[in-house]
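Read off the chains here:
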Amino acid sequence: MPLSPSLALVGFLAASVVAASSGVVFRPPPWYRSIAKPRWTPPNWVFPAVWTPLYGLIALSGWLVWRHGGLAPLPFGFFAAQLVFNALWSALFFGLRRPDLAFVDLVLLWLSILATLVSFASIDGVAAVLLVPYLAWVTVAGALNVEVWRRNPTPLRAI
């Protein structure tokens, strides 16, 4: 029995929620307030305000491509990778207090988003365009991550 489009959309939303849950478990702890950050760091309320619709766009993008022929191995391999790298970042940065490892993860996340976007573009152009804000936000997050790492060369575990 084929999967209904509605149920598939719920599945894509659930996958996005699972990736987002890392950000709930490993949200900014008190030590984050005390570290050096650039002046252009967005206020804390901006992060959930941006990430919530981005996770919806990620899910919708995957669902649109799925509708064109199911779970194509290569595009959805990239799609799964970006969800894993996305979930891993909060654990590395906030959980382990390792902005260095978090930045490596962010580079892999950025590359996997780009690979997903390119592979989705050949299947559904709208699905690819829906990932552009995600790629842009992760670019900003990467710049912020590097600045925090640069401004706090002492391991954050000591803070």
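1. Considerations on the confidence of the model for the protein
Per-chain confidence: the protein averages 91 in pLDDT, with 94% of residues scoring 70 or above. Here helix α2 (residues 30-34) is the element of the protein with the lowest mean pLDDT, 86, and helix α6 (residues 125-130) is the one with the highest, 98.

2. Thoughts on the environment of Leu117
In this structure, Leu117 sits in helix α5 (residues 99-121). Ignoring anything within four residues of it in the chain, the contact list for Leu117 reads Ala128, Leu131, Val132 and Leu135.

3. Describing the pattern of salt bridges
Once their charged atoms are close, side chains differing in charge can pair, the charge on each being opposite to the other. For the structure shown, the criterion picks out three salt bridges. The closest approach of N and O atoms between Arg150 and Glu147, which form a salt bridge, is 2.8 Å. Linking Arg150 with Glu147, this pair stays in helix α7 (residues 132-151), spanning three residues, or about one helical turn. On the basis of relative accessibility, which here comes to 16%, the residue Glu147 falls in the buried class.

4. Some remarks on the packing of aromatic side chains
Applying the stated criterion across every chain, the model contains 17 aromatic pairs. Between Phe12 and Phe76, the ring centres sit 5.8 Å apart and the planes meet at 40°, which makes this aromatic pair tilted. Of this pair, Phe12 sits in helix α1 (residues 5-25) while Phe76 sits in helix α4 (residues 73-95); the two residues are 64 residues apart in sequence, bridging distant segments of the chain. Here Phe12 matches Phe76 in class, with each residue buried. Judged by centre distance (4.9 Å) and plane angle (80°), the ring pair of Phe93 and Phe94 falls under edge-to-face. Each member of the pair, Phe93 together with Phe94, is buried. One Lys or Arg, Lys37, reaches over the ring of Tyr32 and ends 4.5 Å from the middle of that ring. When the ring centre of Trp63 is taken as reference, the NZ or CZ atom of Arg67 above it lies at 4.8 Å.

5. Points about the packing of α5 against α7
For the pair α5 and α7, the least separation of the axes is 10 Å and the interaxial angle reads 165°. If you check the angle between α5 and α7, you find them roughly antiparallel. Where α5 crosses over α7, the handedness of that crossing is left-handed. Every residue of α7 that contacts α5 at Pro99, Asp100, Ala102, Phe103, Leu106, Leu109, Trp110, Ile113, Leu114 and Leu117 is listed here: Val132, Tyr134, Leu135, Val138, Thr139, Ala141, Gly142, Asn145, Val146 and Trp149. Tallied by class, residues from the contact of α5 with α7 come to 16 nonpolar, three polar and one charged.

Rules and cut-offs
Residues numbered from 1 in each chain as written. Predicted model: local features only at pLDDT ≥ 70, side-chain atom pairs only at ≥ 80, totals over all residues. Heavy atoms only, no water. pLDDT = per-residue confidence, 0-100. Helix = DSSP H or I, 4+ residues; strand = E, 2+ residues; numbered from the N terminus. Contact = heavy atoms within 4.5 Å. Salt bridge = Lys/Arg side-chain N within 4 Å of Asp/Glu carboxyl O. Buried < 20%, exposed > 50% of the residue type's maximum accessible area, 1.4 Å probe, protein only. Phe/Tyr/Trp six-rings, centres within 6.5 Å; stacked < 30°, edge-to-face > 60°. Lys NZ or Arg CZ within 6 Å of the ring centre and 35° of its normal. Axes fitted to C-alpha atoms, helices over the stretch in contact; angles between N-to-C directions. Parallel < 35°, antiparallel > 145°, perpendicular 65-115°, else oblique. Left-handed = near helix turned anticlockwise from the far one by under 90°. Nonpolar A, V, L, I, M, F, W, Y, C, P; charged D, E, K, R; others polar.

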